[in-house]
Amino acid sequence: MIQSATFFSSAMEKEINRRRTFAIISHPDAGKTTLTEKMLMYGGAIQLAGSVRSRKTQRATTSDWMELERKRGISVSSTVLQFDYQGYQINLLDTPGHKDFSEDTYRVLTAVDAVVMVLDAAKGIETQTKKLFEVCRQRGVPIFTFINKCDRPSKGAIELLDEVERVLNLNPFPVNWPIGDGQDFKGVYDRLTKKVHLFERTTGGAYMAPVEVGNISDDFVKERVPDTILSKVIEELEMLEMAGAEFDNNEILAGRTTPVFFGSAMNNFGVELILQGFLEHAPPPSGRESKGNLIAPDSEDFSGFIFKIQANMDPQHRDRVAFLRIVSGSYNQGMKARHVRIGKEVRFSDALTFMAGDREHAEQAFAGDIIGLHNHGTIQLGDTFTAGDDMKFTGIPNFAPELFRRIRLKDPLKAKQLQKGLIQLSEEGAVQVFRPLRNNDLIVGAVGVLQFDVVVSRLKSEYKVEAIYEPINVATARWVTCSDERKLDEFQRKNNDNLALDGSDRLAYIAPTMVNLNLAQERYPDIQFHKTREH
């Protein structure tokens, strides 16, 4: 028995160590979804890459599976993509770059062990990149940088490295170095292997770029790279060597150094190099804290938490899937686990693995993997599941909305479908819904304007409900709690006109102005007004 237990433990450890779970983050249009698609192509998960440009003539991008995303050419939800590559099991999470959907990205960052940050070579660090980087820094997530679009006019490699150091206070280590830029971008020099990689363009970047690899002094390099560019590259490489910075994996894992890779995702230049470099140097799954204790990934008992809920991934079945990050142990088909929040034991008979909108039944999964659970309305964001002791993983935020609209039906007979659709969309974090205690209004709260468009579009396509928005006199919302039940009852009685229940039936104060909110906080010092709440 002891021998088999040891074998199981070491076999599990081996499986966990080959997992890599990461997200790709960027400002909109830096090329994040394109890089995701090209990583899938180099990883052998797809044969032909679709592009986010020219959607009418090209294949739609694999990670943009929602109808709205395919129409608009943007990512508005995060997508889980899983594939095997060179002995690694990869869980890649493509996130929305648009600031209006940053909440979804924040939640995804709780489920990953490392991040690839994509920068546009012409623009450097943009506002959304900086915000997402700060979230990564708070969570201590290692960051790998891909400087994209080097085949277009750019700021220059040295200026971009300086910007990373100055703006993000992060030490950049260029793993490779661009050979030329703009139209003259020929390839990269790998500083760790001392090899030159020269690429050839393919039509529309749909296939892997042919690459020639050799020493910087080889004849083919001199033939393909003009003297002026080659001498400039050699000079810059000498400067980097003189600076004396060495590649230190511990500094990367500590989040103090970011390895930097240059390339062009659209033309497949440097994609394979960042994929391989990332897999080699990124950390395997890490543990998570529960009630002050670190739950290690190789703990024998299964545990995990829900970081995303997605309604209607399969339009034919109108289903809801809850995405669970396995923190420790392993999942086996048919196993039982405890749903901690409701104190109920559940059987996992048909968990899923994903390739964007496509899914397969998972027979086994390990710490670091993302699996999907069918949600029949009982699972919420932030829920913990465990096969061992009770625990609670925290850190999945819900932010107070900044914009509000009243939503109204075109057909009053579909009120039930509207409420069902809005509650389901709020459960997945796409938007927040408030139901005032004093009337039957439905108020939609969002962080950005585009979220409103997405809700109406999805209500129409997924729930067959046509709705329109009306302005409403609401400036902000705060969740309210109080340890004294009597004082909370008194507060509710006196402020009934300003109170509402959110999609999870949590009490919230709806303020017509910031002045009104400030006065309420002064009048009721025993009531806590929360700008964020844990799921």
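Note on numbering: residues in each chain are counted from 1, in written sequence order. Owing to the predicted nature of the model, reporting of local features is limited to residues with pLDDT of at least 70; listing and counting of side-chain atom pairs is limited to 80 or more, with chain, interface and lining totals taken over all residues. Excluded from the side-chain calculations are hydrogens and water; all other atoms, namely the structure's heavy atoms, are used.

**Quick look at the environment of Pro142**
Helical segments are the DSSP runs of H or I of at least four residues, strand segments are the runs of E of at least two, and each set is numbered from the N terminus. Secondary-structure assignment places Pro142 in the loop between α5 (127-139) and β5 (143-148). Each residue is assigned to one of three classes by its accessible area relative to the maximum for its type, calculated with a 1.4 Å probe on protein chains only: buried under 20%, partly exposed between the two thresholds, exposed over 50%. What makes Pro142 buried here is its relative accessible area of 5%. In this description, contact between two residues means that some pair of their heavy atoms is separated by no more than 4.5 Å. Those residues in contact with Pro142 that sit more than four places away from it in its chain are Asp113, Ala114, Val115, Ile252, Leu253 and Pro283.

**Regarding helix α8 (residues 227-243)**
A rise of 1.5 Å per residue sets the reference length of α8, with its 17 residues, at 24 Å; its end C-alpha atoms lie 24 Å apart and thus fit the reference within 8%. Those residues of α8 that sit buried are Ile229, Leu230, Val233, Glu236, Leu237 and Leu240. Looking straight down α8, one finds its buried side chains confined to an arc of 130°; they lie on one side. More than 90 degrees from the buried face of α8, the exposed residues found are Asp227, Thr228, Lys232, Glu235 and Met242. On its buried face, α8 sits against α6 (157-168), β6 (171-174), β7 (176-179), β8 (187-190) and α7 (219-224). Gly244 occupies a position one or two residues after α8 and carries a positive phi of about 80°. A helix is expected to span 1.5 Å multiplied by its residue count minus one. Working definition: the arc comes from the directions between the helix axis and the C-beta atoms, pointing outward to the latter.

**Here's the deal with helix α11 (residues 415-427)**
Taking 1.5 Å per residue as the helical rise, α11 with its 13 residues ought to reach 18 Å, and the 18 Å between its terminal C-alpha atoms agrees with that figure. Taken together, the buried positions of α11 are Leu418, Gly421, Leu422, Ile423, Gln424, Leu425, Ser426 and Glu427. One or two positions beyond α11, positive phi appears at Gly429, with a value near 85°.

**Some points on the nonpolar core**
One finds Phe22, Leu35, Met39, Val116, Phe262 and Phe307 to be the most contacted residues of the largest nonpolar core, which totals 90 residues. Look past the residues within four positions of Val116 in its chain and what remains in contact with it is Phe22, Ala23, Ile24, Ile25, Leu35, Phe144, Phe146, Ile274 and Phe278. Among buried residues, those of type Ala, Val, Leu, Ile, Met, Phe, Trp, Tyr and Cys that are joined through side-chain atoms within 4.5 Å constitute a nonpolar core.

**A closer look at the sheet that holds strand β9 (residues 195-199)**
Between any two strands, pairing holds if DSSP finds at least two bridges. The four strands lie next to each other as β7-β8-β9-β10, forming an open sheet whose pairing is antiparallel. The open sheet terminates on both sides in strands that have one partner only, identified here as β7 and β10 (211-214). Along the sheet, successive strands turn relative to each other by an average axial angle of 20°, direction set aside. In terms of strand pairing, β7 meets β8 through four bridges, oriented antiparallel. By the bridge assignment for β8, Trp177 is matched with Tyr189. As a rule, the C-alpha atoms of each element are fitted with a line to give its axis, helices using only the stretch in contact, and angles between N-to-C directions run from 0 to 180 degrees. Across the sheet, α8 is in contact with β7 and β8; its angle to β7 comes to roughly 160°.

**Considerations on the pattern of salt bridges**
The working definition used for a salt bridge is a side-chain nitrogen of Lys or Arg within 4 Å of a carboxyl oxygen of Asp or Glu. Across all of its chains, the model carries 24 salt bridges by this definition. Its salt-bridge partner being Arg406, residue Asp441 comes within 3.1 Å of it at the nearest N-O pair. With Asp441 in the loop between β26 (432-436) and β27 (443-446) and Arg406 in strand β25 (residues 403-409), the pair connects residues that are 35 residues apart, well separated along the chain. Between Arg458 and Glu462 there is a salt bridge, and its shortest N-O distance comes to 2.9 Å. Remark: Glu462 and Arg458 occur in helix α12 (residues 449-463); sequence separation between them is four residues, near one turn of the helix. Take Arg458 and Glu462: they sit in the same class, and that class is buried. Members of the salt-bridge network, linked through shared partners, are Glu15, Arg18, Arg19, Asp84 and Asp369.

**Topic: the packing of α11 against α12**
One can describe the packing of α11 onto α12 by two numbers: an axis separation of 11 Å at closest approach and a directional angle of 120°. Of the possible angle classes, the one that applies to α11 and α12 is oblique. Considering how the two elements wind past one another, α11 and α12 form a crossing that is right-handed. Taking contact as the criterion, the partners of Gln417, Leu418, Gly421, Leu422, Gln424 and Leu425 in α11 are, on α12, Val455, Arg458, Leu459 and Tyr463. Tallied by class, residues from the contact of α11 with α12 come to six nonpolar, three polar and one charged. Small angles under 35 degrees read as roughly parallel and large ones over 145 as roughly antiparallel, with 65 to 115 read as roughly perpendicular and the rest as oblique. A clockwise turn of the near helix away from the far one marks a right-handed crossing, whereas an anticlockwise turn of less than a right angle marks a left-handed crossing. Classes in brief: Ala, Val, Leu, Ile, Met, Phe, Trp, Tyr, Cys and Pro nonpolar; Asp, Glu, Lys and Arg charged; the others, Gly included, polar.

**Details of the side chain of Gln432**
Along the chain, the position of Gln432 falls in strand β26. Ignoring any residue separated from it by four or fewer positions in sequence, one finds Gln432 in contact with Glu103, Asn398, Phe399, Pro401, Ser426, Ile443, Val444, Gly445 and Trp479.

**What to know about the packing of helix α2 (residues 32-42) against helix α10 (residues 271-281)**
Contact pair α2 / α10: the axes reach a minimum separation of 9 Å and the direction vectors enclose 80°. Accordingly, the angle class assigned to the pair α2 and α10 is roughly perpendicular. Contacts between α2 and α10 involve Leu35, Lys38, Met39 and Tyr42 from the first element and Val271, Glu272, Ile274 and Leu275 from the second. When grouped by side-chain class, the residues that make up the contact of α2 with α10 number six nonpolar, no polar and two charged.

**Considerations on the sheet that holds β27**
Pairing within the open sheet is antiparallel, and its eight strands lie in the order β28-β25-β27-β26-β30-β31-β29-β32. Since the sheet does not close on itself, it has two edges, and those belong to β28 (467-470) and β32 (528-530), each with one partner. Strand-to-strand, the axes of this sheet are offset by a mean angle of 40°, without reference to chain direction. Where β26 meets strand β30 (residues 499-502), three bridges bridge the pair, whose relative direction is antiparallel. Across the sheet, Pro436 pairs through a bridge with Ala500, a residue of β30.

**Let's talk about the environment of Lys308**
Tracing the sequence through the fold places Lys308 in strand β14 (residues 303-311). When its relative accessible area of 2% is taken as the criterion, Lys308 is described as buried. Spatially, the C-alpha atom of Lys308 lies 6.1 Å from that of Leu381, the residues being 73 residues apart in sequence.

So yeah, pure geometry; function would need other evidence.
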